[in-house]
There are 2 protein chains.
Amino acid sequence: MKLYNYFRSSASWRVRIALALKGLDYDYAPIHLVKNEQSSGSFAERQPSHLVPALELDDGQWLSQSMAILEYLDETHPEPPLLPAGALARAQVRALAQDIGCDIHPINNLRVLRYLKNELGQEQAAVDRWYRHWVATGLAIVEKRLAATAGQFCFGDTPGLADCVLVPQIYNAQRFECPLDDYPTVMRINAACLALAAFANTHPSACPDAA
Amino acid sequence: MKLYNYFRSSASWRVRIALALKGLDYDYAPIHLVKNEQSSGSFAERQPSHLVPALELDDGQWLSQSMAILEYLDETHPEPPLLPAGALARAQVRALAQDIGCDIHPINNLRVLRYLKNELGQEQAAVDRWYRHWVATGLAIVEKRLAATAGQFCFGDTPGLADCVLVPQIYNAQRFECPLDDYPTVMRINAACLALAAFANTHPSACPDAA
């Protein structure tokens, strides 16, 4: 498999974590977002969204959308599972992942921040406030939901799909200097995850394309 | 089951369609977003995101995030399936749903449009341009992806998870007068879906709380 991704893209890191949790090998294909490598060449042709990550399978098939890729990896390589047993538990984990993957991340993605700056003429300070507003709104929700599900990790004592999505979001939040003191459960889980090799070894700073 | 929702919320409509496709009965609990009913009372206490929809199960358990709810319904009531057989096909359908559910809808949700107006002082015309920009960007991607998957519906000739997400997005796009001529496959599928009772009978205009 070949993972088209960018070291600092949080959606990319989700997939790197899942691949590592499952012990799967892959080729690392860097796509430099700030240099706009996603918008031209063969990557842009195969990936109409121009968004990373994309996972190319050994037969040439091409998968996009990080949370769909996580589900694919879980279906094709079930051990260790990213989702718990039981429909209710699975729904809770998916909802946690989507609280971040739908309701925080896309609103704060690079292309949206660029629109705020370029089309709406917003200053960097206003863009930073925007970023922090959606992180604060979203993490307050996640913190409350975790009261019902968390053990050592987002759901019980096994790292899974929600952790794959949470940890990269916290990394981004720290880059944007978001205050995080109000989310003690989130931050405890983040630390527990980063103590695991699957998270630490795939950290943006450990990537081949890290600046 | 009890569905907390709002007639015009596209995420709510996704769940109404899925419940109808599966032939499941439920109580309709309206939450009027424009009157901010989502932000107070018992709904706000149970739903920390203050977002609709939420599905209350018969045992009092509470599910959130529409795409997680669709997966839950598919796991607990497998017939007719919302997802095809085979991990690759399932990944393609989930990616299509997420192209809309992650990369169009949350950026254009009511709370974001309100932030543009209230915190960033944008005029309605700029808000409308924002809305149309993300619809155009997203539907162009969906139109390209559908070339690989579409039959009568988003994936083959059976309506499923991606159709549940697509049709409400088109309804919203039409409300905001987004140009849609560039997406012939999308619009053909939208029409095919709306010809089905599960879509037509759950249309916002058919809801008990329709204004």
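This one's a predicted model, so the numbers in the text were calculated from it and none came from an experiment. (Residues numbered from 1 in each chain as written. Chains lettered and ligands numbered in written order. Predicted model: local features only at pLDDT ≥ 70, side-chain atom pairs only at ≥ 80, totals over all residues.)

### Comments concerning the sheet that holds strand S3 (residues 54-56) of chain B
Residues and elements named next belong to chain B. The four strands are arranged S2-S1-S3-S4 in an open sheet whose pairing can be described as mixed. The sheet is open, and its two borders are formed by strand S2 (27-30) and strand S4 (62-64), each paired with just one other strand. Mean inter-strand twist for the sheet, computed between neighbouring axes without regard to direction, equals 20 degrees. Bridge count for strand S1 (residues 2-5) against S3 is three bridges, and the pairing is antiparallel. Bridge pairing in S3 links Tyr4 to Ala54. Running over the sheet, helix H1 (residues 10-21) touches S1 and S3 and is turned about 155 degrees from S1. (Pairing = 2+ DSSP bridges. Helix = DSSP H or I, 4+ residues; strand = E, 2+ residues; numbered from the N terminus. Axes fitted to C-alpha atoms, helices over the stretch in contact; angles between N-to-C directions. Contact = placed C-beta atoms within 7 Å.)

### Some thoughts on the pairing of strand S2 (residues 27-30) of chain A
Residues and elements named next belong to chain A. By the bridge criterion, four bridges tie strand S1 (residues 2-5) to S2 in an arrangement that is parallel. Paired with Tyr4 across the two strands is Ala29, which belongs to S2. Between S1 and its parallel partner S2, the chain crosses via helix H1 (residues 10-21), and the hand of that crossover is right-handed. (Right-handed = clockwise from strand over helix to strand, strands pointing away.)

### Notes on the interface of chain B and chain A
A common way to report how large an interface is uses the accessible area buried once the components associate. Of the residues lining the interface, 33 residues belong to chain B; the matching set on chain A comes to 33 residues. Listed by contribution, the elements that provide at least two residues to the side of chain B that touches chain A are S4, helix H3 (66-76), helix H4 (87-101) and helix H6 (124-149) of chain B. For the side of chain B that touches chain A, the leading source of residues is H4 of chain B, giving nine residues. Looking at the side of chain B that touches chain A residue by residue, the class counts come to 17 nonpolar, eight polar and eight charged. (Nonpolar A, V, L, I, M, F, W, Y, C, P; charged D, E, K, R; others polar.)

### Thoughts on the nonpolar core
Counting 123 residues, the largest nonpolar core has Cys154 of chain A together with Cys154 of chain B as its most contacted members. Every residue in contact with Cys154 of chain B, bar those within four places of it in the chain, is listed here: Val93, Leu96, Leu146, Thr149, Gly160, Ala162, Asp163, Leu166 and Ile189 of chain B. (Core = buried A, V, L, I, M, F, W, Y, C linked by C-beta atoms within 7 Å. Buried ≥ 20, exposed ≤ 12 C-beta atoms within 10 Å, placed from the backbone.)

### What about the environment of Trp130 of chain B?
All names here are of chain B. Mapped onto the elements of the fold, Trp130 is located in helix H6. Its 22 C-beta neighbours within 10 Å are what place Trp130 among the buried residues. Each C-alpha atom, one on Trp130 and one on Tyr171, is 17 Å from the other, the two residues being 41 residues apart in sequence.

### Thoughts on the relation of the copies chain B and chain A
With an axial shift of 0.0 Å and an RMSD of 0.0 Å, the rotation relating chain B to chain A amounts to 180 degrees. Each copy turns onto its partner about a two-fold axis. Distance from the rotation axis, computed per C-alpha, reaches its smallest value in chain B at Cys102 of chain B: 2.3 Å. In this assembly, 100% of the residues forming the interface of chain B have copies in chain A that are likewise at the interface, indicating an isologous arrangement. (Least-squares fit on C-alpha atoms with pLDDT ≥ 70 in both.)

### Some thoughts on helix H8 (residues 184-194) of chain B
Residues and elements named next belong to chain B. Within H8 the residues assigned to the buried category are Val186, Ile189, Asn190 and Cys193. Buried positions in H8, seen along its axis, are confined to an arc of 105 degrees and lie on one side of it. In H8, those exposed residues whose orientation departs by more than 90 degrees from the buried face are Pro184 and Ala191. Buried residues along H8 sit against H6, helix H7 (161-175) and helix H9 (197-200). (Arc of directions from axis to C-beta.)

### Considering the confidence of the model for chain A
Averaged over every residue, the pLDDT of chain A is 96; residues scoring 70 or more account for 100%. What the predictor reports for the complex is a pTM of 0.97 with an ipTM of 0.97. (pLDDT = per-residue confidence, 0-100.)

### Brief notes about the domain arrangement of chain A
Residue and element names in this part refer to chain A. By domain assignment, chain A separates into domain 1 (2-80) and domain 2 (87-198). Taking only C-alpha atoms, the centre of domain 1 and the centre of domain 2 are 20 Å apart. Listed per partner, the contact involves 11 residues of domain 1 and 14 residues of domain 2. Taken together, the elements giving at least two residues each to the side of domain 1 that touches domain 2 come down to H1 and helix H3 (66-76). Sorting elements by how many residues they give to the side of domain 1 that touches domain 2 places H1 first, with eight residues. (Domains from an automatic or database assignment.)

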